[in-house]
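# Descriptive analysis of the structure
One letter stands for each residue in the lines below.
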Amino acid sequence: MSKLRIKIIIVVIIFLAIAIFWYFYPKNYNKTLKGVFYLLEDENISENVKVHMDGKLQNYLFGKRKFEGKVELEGNNIPEVKGIDETGLELWAEDRFGVLTSYGSVDEEGNYKPSVHFYGFVYVNKDFSQLTIMITPEDESGLWSETEQLVITAPAGNRDEAIEISNRLMEEYDLNRK
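Just so you know, these numbers come straight off a predicted model, no measurement behind them.

Scanning the chain for helices and strands turns up two helices and eight strands. Put simply, the chain runs from its N terminus to its C terminus through helices and strands in the order α-β-β-β-β-β-β-β-β-α. Taking all 178 residues of the chain together, the buried fraction comes to 38%. Put simply, 49% of the contacts in the chain that link residues at least 6 apart link residues at least 24 apart. Here the chain displays about 11,300 Å² of accessible surface, and carbon together with sulfur accounts for 56% of that area.

Below, the structure written as structure tokens:
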């Protein structure tokens, strides 16, 4: 083998190693999406909201992706998480599905108490540019019921668009699970 051929092979191997490392290394993900908060069975309850996401997005083998980070919801009528502390909501999502939780709470006197508060299930598309949050009832012990189907979908400009995106995200998740 000639020296030129060996140099080319070494350069190609180094390039592939760098590309693989770059692909799998977690990347900062900071995005604000404009969306809609709505009650599924009541067309009169709908509000424009903002969803701020700040965390790390990581690629895995076979195209799976994972997000870990903070989520801040901005809107007038969005249900608050009971006892949420200053660290905010944590989102963990992988393979188009995730959970939104809060760890720890602060009582009326300002004392920190370790605890976990579940805010809702999250459905996302493959590149994490769309999401739907199915908010759990306030008491956190009940399941998502037909009387209280609170949803946040982003990005969306109105309720109809939000419902369409939600349905598509849940359908993609179901198809991906088969």
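By secondary structure assignment, the location of L57 is in strand β2 (residues 42–59). L57 sits eleven residues away from E68 along the chain, and the two C-alpha atoms are 6.8 Å apart. Discounting chain neighbours no more than four positions away, the residues touching L57 are Y25, P26, K27, Y29, R65, K66, F67 and F128.

On to the pairing of strand β7 (residues 131–135). Summarising burial for β7: five of the five residues are buried, a large majority. Of the two faces of β7, the one lined by L131, I133 and I135 and the one lined by T132 and M134 are each fully buried. Direction of pairing for strand β6 (residues 112–124) relative to β7: antiparallel, over a ladder of five bridges. Bridge assignment links V124 to a residue of β7, and that residue is L131. Between β6 and β7, which pair antiparallel in sequence order, lie six residues; one of them, F128, sits at a positive phi of approximately 60°. Where β7 lies against strand β8 (residues 150–154), five bridges are found, and the strand directions are antiparallel. Each residue of the ladder has a partner; that of T132, found in β8, is T153.

What follows is about the packing of aromatic side chains. Here a ring pair, both rings aromatic, is described through the centre-centre distance and the interplanar angle of the planes. Across all of its chains, the model carries eight aromatic pairs by this definition. Centroid distance F67 to F128: 6.2 Å. Interplanar angle 35°. Geometry classified as tilted. A residue pair is termed long-range when its members are at least 10 positions apart, and F67 in strand β3 (residues 65–74) and F128 in the loop between β6 and β7 qualify at 61 residues. A relative accessible area of 2% means that F128 is categorised as buried.

Another point: the pattern of salt bridges. Two side chains that carry opposite charge are able to pair once their charged atoms sit near each other. One pass over the full model with this rule turns up three salt bridges. A salt bridge links E68 to K66, with the nearest nitrogen and oxygen atoms 3.0 Å apart. We classify E68 as partly exposed; its relative accessible area is 42%. For R96, the salt bridge is made with E172, and the minimal N-O distance between the two is 3.1 Å. Within this pair, whereas R96 is found in the loop between β4 (89–94) and β5 (97–106), its partner E172 is found in helix α2 (residues 159–177), the two being separated by 76 residues in sequence.

With that settled, the discussion passes to the side chain of S129. Of note, S129 is situated in the loop between β6 and β7. In this structure the side chain of S129 is engaged in a polar contact, spanning 2.7 Å, whose partner is the side chain of D127. Apart from residues no more than four positions distant in its own chain, S129 is found in contact with Y29, K31, L33, A154 and P155.

Rules used throughout
Residues numbered from 1 in each chain as written. Predicted model: local features only at pLDDT ≥ 70, side-chain atom pairs only at ≥ 80, totals over all residues. Heavy atoms only, no water. Helix = DSSP H or I, 4+ residues; strand = E, 2+ residues; numbered from the N terminus. Buried < 20%, exposed > 50% of the residue type's maximum accessible area, 1.4 Å probe, protein only. Contact = heavy atoms within 4.5 Å. Areas by Shrake-Rupley, 256 points an atom, 1.4 Å probe, with all protein chains shown as cover. Pairing = 2+ DSSP bridges. Phe/Tyr/Trp six-rings, centres within 6.5 Å; stacked < 30°, edge-to-face > 60°. Salt bridge = Lys/Arg side-chain N within 4 Å of Asp/Glu carboxyl O. Polar contact = N/O pair within 3.5 Å; in protein donor to acceptor, adjacent residues only side chain to side chain.

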